[in-house]
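# Tertiary structure, described
Letter by letter, the chains look like this.
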Amino acid sequence: MIFAVVAVGLLIFVASKAFKSPTLFYATEEPIDILAKRLSCPKCRSRRLKPTGRYTISCENCGFTFSVGVVTKRQSD
């Protein structure tokens, strides 16, 4: 009996996770090198930033690395 209750609870948990809308990363439309010139470091407010990847910028002053873009849930139509 206890096993059945645990199994039903597990199925409900898995089903709720399966039908949840996915989280997506939407990158900016501007090139990363232009954004690196316009932004400042969120940690130390320095403007000495360098692009380190397609969507990441690193601060030359404190070494903090951050991503540019938005993480949101997909809107259902």
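Residues numbered from 1 in each chain as written. Predicted model: local features only at pLDDT ≥ 70, side-chain atom pairs only at ≥ 80, totals over all residues. Heavy atoms only, no water.

### Some points on unusual backbone geometry
Phi at arginine 45 takes a positive value of approximately 65 degrees, unusual for a residue other than glycine. One can find arginine 45 in the loop between helix H2 (32-38) and strand S2 (49-51). (Helix = DSSP H or I, 4+ residues; strand = E, 2+ residues; numbered from the N terminus.)

### Looking at the sheet that holds strand S4 (residues 65-67)
Sheet architecture is open: 3 strands sit in the order S2-S3-S4, paired in antiparallel fashion. Unpaired on one side and paired on the other, S2 and S4 mark the two borders of the sheet. The mean angle between the axes of side-by-side strands here comes to 30 degrees, regardless of whether they run parallel or antiparallel. Of the strand pairs in this sheet, S2 and strand S3 (residues 56-59) are connected by 3 bridges, and their pairing is antiparallel. Residue pairing across strands places lysine 50 opposite serine 58, the latter belonging to S3. (Pairing = 2+ DSSP bridges. Axes fitted to C-alpha atoms, helices over the stretch in contact; angles between N-to-C directions.)

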